[in-house]
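Architecture at a glance
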Amino acid sequence: MCCCVLLSFFLRGFVNVSRALPSPAGRYGASPDTNHDDRARFNFLAQLKTHLATHVAPGNAHADEKRVKPEIEATHGRAPADRHDVRRAMLKIHTSR
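Please read these numbers as outputs of a predicted model, since none were measured by experiment.

**A few points about the overall build of the chain**
Counting its secondary structure elements, the chain contains 3 helices and 0 strands. For the chain, the sequential pattern of α-helices and β-strands runs α-α-α. Here the chain holds 97 residues, and the buried ones make up 15% of them. A separation threshold of at least 6 residues defines the contact pool for the chain, and within that pool the share at least 24 residues apart is 46%. For the chain, the accessible surface area stands at approximately 7800 Å², while carbon and sulfur atoms represent 61% of it.

In structure tokens:
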């Protein structure tokens, strides 16, 4: 729980915290009853996913092009074959620092 609180403080400056769950008018009979904690957890996870997709993932692509791809080409003499090659090279680069 502590990690979620710290991460929410960290993400506060990066994501739009005003988005919320749809209003109760959009619910139907089979919708589960939610309390404040459930809605807050859902909103946090939705915002975290948005942050990762818009801020972190593009940085991974940049790291792939600038560091990982040249590393694989120098080591194996070819471009990365699949995402597994990229992941192994990223882990190797990250752990060698």
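There is more to say, and it comes next.
**Regarding the packing of helix H2 (residues 36-76) against helix H3 (residues 83-95)**
Between H2 and H3, the shortest axis-to-axis distance is 9 Å and the interhelical angle comes to 90 degrees. Considering their axes alone, H2 and H3 lie roughly perpendicular with respect to each other. Only Asp85, Val86, Ala89, Met90, Lys92 and Ile93 of H3 make contact with H2, whose side of the interface consists of Asn60, Ala63, Asp64, Arg67, Val68, Glu71, Ile72 and Thr75. Considered class by class, the residues forming the contact of H2 with H3 number 7 nonpolar, 2 polar and 5 charged.

**So, H2**
Of all the bends in H2, the greatest, near 45 degrees, is centred on Asp64. Along H2, the positions that sit buried rather than exposed are Phe44, Gln47, Leu48, His51, Ala63, Asp64, Val68 and Ile72. The backbone nitrogen of Asp37 lies 3.1 Å from a side-chain oxygen of the residue at the head of H2, namely Asn35. Gly77 sits one or two positions beyond H2 and adopts a positive phi of about 75 degrees.

**Focus: the nonpolar core**
Residues Val68, Ile72, Val86, Ala89 and Ile93 constitute the largest nonpolar core, which totals 5 residues. Where this core is concerned, the elements lending two or more residues are H2 and H3. For this core, the element with the most residues is H3, which contributes 3 residues. In contact with Ile72, not counting residues within four places along its chain, are Gly77, Arg78, Ala79, Pro80, Asp85, Val86 and Ala89.

**Some remarks on the pattern of salt bridges**
The final tally for this structure, using the stated rule, is 4 salt bridges. Residue Arg41 is joined to Asp38 by a salt bridge in which the shortest nitrogen-to-oxygen separation is 3.3 Å. Here the residue Arg41 and the residue Asp38 both occupy positions in helix H2, the gap between them amounting to 3 residues, near one helical turn. Here Lys92 ties to Glu71 by a salt bridge, and the two come within 3.6 Å at their closest N and O atoms. Taken together, the residues span a long stretch of sequence, with Lys92 in helix H3 and Glu71 in helix H2 at a distance of 21 residues. On the basis of relative accessible area, Lys92 is assigned to the partly exposed category, the value being 46%. On the basis of relative accessible area, Glu71 is assigned to the partly exposed category, the value being 28%.

Conventions used here
Residues numbered from 1 in each chain as written. Predicted model: local features only at pLDDT ≥ 70, side-chain atom pairs only at ≥ 80, totals over all residues. Heavy atoms only, no water. Helix = DSSP H or I, 4+ residues; strand = E, 2+ residues; numbered from the N terminus. Buried < 20%, exposed > 50% of the residue type's maximum accessible area, 1.4 Å probe, protein only. Contact = heavy atoms within 4.5 Å. Areas by Shrake-Rupley, 256 points an atom, 1.4 Å probe, with all protein chains shown as cover. Axes fitted to C-alpha atoms, helices over the stretch in contact; angles between N-to-C directions. Parallel < 35°, antiparallel > 145°, perpendicular 65-115°, else oblique. Nonpolar A, V, L, I, M, F, W, Y, C, P; charged D, E, K, R; others polar. Bend = angle between axes of the 7 residues up to and from the residue. Polar contact = N/O pair within 3.5 Å; in protein donor to acceptor, adjacent residues only side chain to side chain. Core = buried A, V, L, I, M, F, W, Y, C linked by side-chain atoms within 4.5 Å. Salt bridge = Lys/Arg side-chain N within 4 Å of Asp/Glu carboxyl O.

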